[in-house]
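# Structural characterization, general
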Amino acid sequence: MDKTRISRIIQEQIRFFSGGETKKISFRIRQLRILKKAVIQNQELILDALRKDLGKPEFEAYMAEIYAIKQEIGFTLRHIRKWARPRNIPTPFTQHLGRGRFQPEPYGVALIIAPWNFPFNLVMVPLVSAVAAGNCAVLKPSEVAPHTSKVVARIISKYFPPEYITVVEGGVKETQLLLEQKFDRIFYTGSPAVGKIIMRAASRNLIPVTLELGGKSPCIIDRNVPLLAAAKRVVWGKFYNAGQACVSVDYVVVHREIKEQFIRIVRDLLSKFFGPDPVHNPDMARIIDEKHFSRLTGYLKSVKNIVIGGQWDKKNLTIAPAVLDHVQWTDPIMKEEIFGPILPVLEYEDLEDVIRRINGMPKPLVLYLYTRNNKVQRQVVERTSSGGVCINDSVVQFLNLNFPFGGIGNSGMGKYHGKAGFDAFTHNKAVFKKSFLIDLFFFRYPPFTKLHRFSRRFF
Ligand code: NAD
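A quick note: this is a predicted structure, and the numbers were derived from the prediction, not measured.

The subject of this paragraph is the pairing of strand β9 (residues 251-255). Across the 5 residues of β9, 5 count as buried, placing the element largely inside the fold. Residues of β9 alternate between two faces, with Y251, V253 and H255 on one and V252 and V254 on the opposite face, all of them buried. Here 4 bridges tie strand β8 (residues 218-221) to β9, and the two strands are oriented parallel to one another. Within the sheet, the bridge partner assigned to C219 lies in β9 and is V252. Since β8 and β9 lie parallel, the crossover through helix α9 (residues 227-239) that links them has a hand, and here it is right-handed. Strand direction decides the pairing type here: β9 and strand β14 (residues 342-348), joined by 4 bridges, are parallel. Each residue of the ladder has a partner; that of H255, found in β14, is Y348.

Now the structure itself:
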């Protein structure tokens, strides 16, 4: 799509937004219902695209990319009237007789840019919030998942007029053309490196941004833990979608006393989950493309400490879950987010040392901790900083829509899901209304006298 076409779309959306229709709650509710119907009626098309793009097992694809959107819409429909209602705030003495309130209003025309790893969910869930808040939206799905991108474009153009919601397909060039436009809000999900490009572009027009980024999410496993149950949840949280999730466990740091046992259990679990030939098992998602495949196999070729798995099939772009033992904090694999089915195992004796190491790295999106020890839980939660902490499970915290989801520092800024998503696309306008009946703040007016000097003491 060229520049003229893109700026025409934005102009049409600005015109439609200024008509005021999208601000009506009844309109927003109707559109959310249409979106839900669109997802349900096109389930097979969506699942087929996800299979083609990522070889996603159908159950996982359904749960993450269809059920999750239906949940988000259902939750939003249940609460939208409450979220959108103006809220009165207390008024200080000097401002009596006056009344203050927050009036939630939509930003206007929003741009939503999505990555490829949950290519349907990560464009649709922010859209649910944008619609609920009363915005128009331009969606830019990831070109790296081309089948899903096409399905998103097809569904949106069938169910919504382009002056309200539209899809711009394409890659870096199209995204950069979009970033030249004067949007009212930008919602970006993707890597920290591109996040910086987005924020720089947004700053040209002072556009507020939400950045949902990634990074290395650590997982600490204390010795005071039911190891089989913990390992099961860690293995699932690492190899789900072949490790291509922003909330994946990136690496584990296991207490020295239980490390050997942990690796033995992980070996058994992996063979139970994915059988003797994981690279040809349809329950294992594949790597998105050749670029990421060679990045990941590059790691595997360069190390000598693979203790489980790590075979690959270039034709199918699949990699068997790999576990690396004796990993050091300074190893190359500890520098970047892995975003694939490779699990480095580090060991520790002193928890303080682990905390120091984690605090020396960019702030993670999630910090996972497995322990039954309340003191250790408190120590880790209070002494580290991350988008969120999940104790004794992996990934599932993402599904609770009462939790604002998002990162901090290198893992992002701003939150979404549920009410937080509604707020991300809403400006809470402060409205103050005063009565003419009495002017309690009468002494504000000049000329200033001795009485004013005296009254200073009172304040
Ligand atoms: P990416 O940043 O490469 O691409 C995301 C989007 O940005 C795509 O739509 C792409 O077209 C666009 N883009 C890419 N390069 C660009 C450029 N130079 N200029 C303008 N636009 C550009 O990210 P990705 O590889 O698709 O996704 C992986 C990353 O996303 C990981 O770091 C992962 O942790 C993160 N992620 C975060 C979340 C979250 O919710 N926090 C969710 C999923 C993925």
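More follows now that the structure is in view.
Attention shifts here to the layout of surface pockets. Each pocket or cavity is described by its volume, and for the largest pocket that value is around 1200 Å³. Lining the largest pocket are 48 residues, and of these Y188, G190, S191, P192 and V194 lie nearest its centre. Contributions of two or more residues to the lining of the largest pocket are made by α7 (172-179), β6 (185-189), α8 (192-204) and α11 (290-302). Quantified by volume, the second largest pocket comes out at close to 470 Å³. Counting only elements with at least two residues in the lining of the second largest pocket, the list comes to α4 (58-84) and α5 (121-132). Within the lining of the second largest pocket, the residues separate by chemical class into 18 nonpolar, 3 polar and 2 charged. Each of domain 1 (3-213 + 409-431) and domain 2 (218-405) accounts for three or more of the residues forming the lining of the second largest pocket.

Counting residues in hydrophobic clusters, the biggest one holds 141 residues, and the most contacted among them are L127, L139, I221, V252 and F262. When residues of this core are assigned to domains, at least three fall in each of domain 1 (3-213 + 409-431) and domain 2 (218-405). Once you skip the residues sitting within four places of it in the chain, L127 turns out to touch L35, I112, A137, L139, I156 and I165. Counting residues in each nonpolar core, the second largest holds 5 residues, with L54, A145, I288 and F339 among its members.

The next subject is the environment of N373. On the secondary structure map, N373 appears in the loop between β15 (366-370) and α13 (374-383). A distance of 2.8 Å separates the side chain of N373 from the backbone nitrogen of K375, its partner in a polar contact.

Helix-helix packing is characterised by the crossing angle of the two axes and by the distance between the axes. At a closest axis distance of 7 Å, the pairing of helix α3 (residues 43-54) and helix α6 (residues 146-159) adopts a crossing angle of 160°. Between α3 and α6, the angle is such that the two are roughly antiparallel. Contacts between α3 and α6 involve L45, I46, A49, L50, K52 and D53 from the former and P146, H147, T148, V151, R154 and I155 from the latter.

What follows covers the sheet that holds β6. Taken in spatial order, the 6 strands make up an open sheet running β5-β4-β3-β6-β7-β17, and their pairing is mixed. Only two strands of the sheet have a single neighbouring strand rather than two, namely β5 (165-167) and β17 (412-413). The sheet contact formed by strand β4 (residues 136-140) and β5 spans 3 bridges and is parallel. Residue pairing in the sheet places V138 in a bridge with T166 of β5. Packing of α6 onto the sheet brings it into contact with β4 and β5, and relative to β5 it is tilted by some 150°. Its contacts with the sheet place α7 against β3 (109-113), β4 and β6, and it is angled at close to 155° to β3.

Turning our attention to the site of the ligand. Near the ligand lie 27 residues; those nearest to it are A114, E143, Y188, L213 and E337. Between the ligand and W116 there is a distance of 2.9 Å, counted from an oxygen atom to a side-chain nitrogen or oxygen. Here a nitrogen atom of the ligand and a side-chain polar atom of Q176 are 3.5 Å apart. The cavity where the ligand resides is the largest pocket. Counting only elements with at least two residues in the shell around the ligand, the list comes to α7, β6 and α8. Residue classes in the shell around the ligand are distributed as 15 nonpolar, 8 polar and 4 charged. Here the shell around the ligand spans two domains, and each of domain 1 (3-213 + 409-431) and domain 2 (218-405) adds at least three residues to it.

So, about empty space enclosed by the protein. Taken as a whole and assessed by the stated rule, the structure comprises 1 cavity of 30 Å³ or more. Taken as a whole, the largest cavity encloses approximately 50 Å³ of empty space. Residue lining of the largest cavity: G215, K238, G243, A245, C246, S248, V249, D250, E337, F339 and G340, and that is the complete set. Considering only residue class, the lining of the largest cavity consists of 4 nonpolar, 4 polar and 3 charged.

Turning our attention to the domain arrangement of the protein chain. For interface size, the figure often reported is the accessible area lost on association. Domain annotation for the protein chain reports domain 1 (3-213 + 409-431) and domain 2 (218-405). Look at where the C-alpha atoms of domain 1 and domain 2 centre, and you get two points 30 Å apart. Between domain 1 and domain 2, the contact holds 26 residues from the first and 24 residues from the second. Between domain 1 and domain 2, a total of about 2200 Å² is buried, with carbon and sulfur atoms accounting for 58% of that surface. When the buried area of domain 1 at its contact with domain 2 is split by residue, E60, W116 and H417 rank highest and sum to 24% of it. Linking domain 1 with domain 2 are 0 salt bridges, by the criterion used here.

Each value, and the rule that gives it
- Residues numbered from 1 in each chain as written.
- Predicted model: local features only at pLDDT ≥ 70, side-chain atom pairs only at ≥ 80, totals over all residues.
- Heavy atoms only, no water.
- Buried < 20%, exposed > 50% of the residue type's maximum accessible area, 1.4 Å probe, protein only.
- Helix = DSSP H or I, 4+ residues; strand = E, 2+ residues; numbered from the N terminus.
- Pairing = 2+ DSSP bridges.
- Right-handed = clockwise from strand over helix to strand, strands pointing away.
- 1 Å grid on protein atoms, 1.4 Å probe; cavity = no way out; pocket = protein on both sides within 12 Å on 5 of 7 lines; lining within 4 Å.
- Points joined across faces, edges and corners; volume = space filled by probe spheres on them.
- Nonpolar A, V, L, I, M, F, W, Y, C, P; charged D, E, K, R; others polar.
- Domains from an automatic or database assignment.
- Core = buried A, V, L, I, M, F, W, Y, C linked by side-chain atoms within 4.5 Å.
- Contact = heavy atoms within 4.5 Å.
- Polar contact = N/O pair within 3.5 Å; in protein donor to acceptor, adjacent residues only side chain to side chain.
- Axes fitted to C-alpha atoms, helices over the stretch in contact; angles between N-to-C directions.
- Parallel < 35°, antiparallel > 145°, perpendicular 65-115°, else oblique.
- Near = heavy atom within 4 Å.
- Sits in = over half its atoms within 2 Å of the grid points.
- Buried area = accessible area lost by both parts, 1.4 Å probe.
- Salt bridge = Lys/Arg side-chain N within 4 Å of Asp/Glu carboxyl O.

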